[in-house]
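Fold and contact review
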Amino acid sequence: MQEMQIDSIRLSLMNYQRVVILKEKTSDRYLPIWIGPAEAESIAVKLQDVATPRPLTHDLLNLVITSLGGEVSHIVVSDLMDDTFYAKIHIQLNGNTYEIDCRPSDAIALAVRVKVPIYAEETVLDKAGVALDKETNRPYATGGEVNGEDKEQMTEDDLKKLSAFKELIEGLDLEDFERKRS
């Protein structure tokens, strides 16, 4: 499992879909996850510390968990099957740990509210994690090794397997990521 951080939330100009870009904390590997507009707004509102007059859905979820005596410890992007990501919210309650299945967008929206770590399983990063070659600006499959020498360029077949992310991956611009961090 690798700890991730939110790098950015983007809007595809081709289809107006939103995508949250998670970045591995210890390397230059990225995980793009398509999300709905409401979840994108919920994440962005909290990241920008915008006050809302009433609790949003993810604020309400946090209130329910804490009112019942529970505490969110972390979230995990746990699987990727047929272009669909899966996540789990880990909740501590009365000395027990509960794993609640959910969409990654909901888990991330909750995680930013309660300021808990976001993780991704290595198998998910192996399937959908991408890094950009600094010389060619082309994406390459990471397979767990990002800053090492064994970069493996993504083949067209690899890109087809990630069909939902092909447009985003091809449009990633390393210079754009660097500008956003500045």
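Residues numbered from 1 in each chain as written. Predicted model: local features only at pLDDT ≥ 70, side-chain atom pairs only at ≥ 80, totals over all residues. Heavy atoms only, no water.

Okay, the side chain of Ser-105 next. Within the element layout of this structure, Ser-105 appears in helix α3 (residues 104–114). Contacts of Ser-105, omitting those with residues within four sequence positions, involve Ile-35, Glu-39 and Ile-43. (Helix = DSSP H or I, 4+ residues; strand = E, 2+ residues; numbered from the N terminus. Contact = heavy atoms within 4.5 Å.)

Now for the pairing of strand β1 (residues 2–11). Pairing geometry for β1 and strand β7 (residues 118–120), over three bridges, is antiparallel. Looking across to β7, one finds that Glu-3 is bridged to Tyr-119. One ladder, built from seven bridges, connects β1 with strand β2 (residues 18–24); its direction is antiparallel. Bridge assignment links Arg-10 to a residue of β2, and that residue is Val-19. (Pairing = 2+ DSSP bridges.)

It is at 9 Å that the axes of helix α1 (residues 37–47) and α3 come closest, and there the two elements cross at 15 degrees. Viewed along their axes, α1 and α3 adopt a mutual orientation that is roughly parallel. In this structure, the crossing between α1 and α3 has a hand that is left-handed. In contact with Glu-39, Ser-42, Ile-43, Lys-46 and Leu-47 of α1, α3 contributes Ser-105, Asp-106, Ile-108, Ala-109, Val-112 and Arg-113. Grouping the amino acids of the contact of α1 with α3 by side-chain chemistry returns five nonpolar, two polar and four charged. (Axes fitted to C-alpha atoms, helices over the stretch in contact; angles between N-to-C directions. Parallel < 35°, antiparallel > 145°, perpendicular 65-115°, else oblique. Left-handed = near helix turned anticlockwise from the far one by under 90°. Nonpolar A, V, L, I, M, F, W, Y, C, P; charged D, E, K, R; others polar.)

Turning our attention to helix α2 (residues 57–67). Residues separated by three or four positions in an α-helix point in the same direction, a consequence of the helix having 3.6 residues per turn. Residues of α2 that are buried include every one of His-58, Asn-62 and Ile-65, and no others. Around the axis of α2, the buried residues are gathered within 65 degrees of arc, so they sit on the same side. Summarising the geometry of α2, the exposed residues directed more than 90 degrees from the buried face are Thr-57 and Ser-67. One or two residues past the end of α2 sits Gly-69, with phi positive at roughly 90 degrees. (Buried < 20%, exposed > 50% of the residue type's maximum accessible area, 1.4 Å probe, protein only. Arc of directions from axis to C-beta.)

Right, let's get into the nonpolar core. If you look at the biggest cluster of nonpolar residues, it comprises 29 residues, and the most contacted ones within it are Leu-22, Leu-31, Ile-33, Val-77, Phe-85 and Ile-89. Of all the elements, α3 adds the most residues to this core, at five residues. Setting aside residues up to four positions removed in sequence, Leu-31 forms contacts with Met-4, Val-20, Ile-21, Leu-22, Val-77, Phe-85, Ala-120, Val-124, Leu-125, Ala-128 and Gly-129. (Core = buried A, V, L, I, M, F, W, Y, C linked by side-chain atoms within 4.5 Å.)

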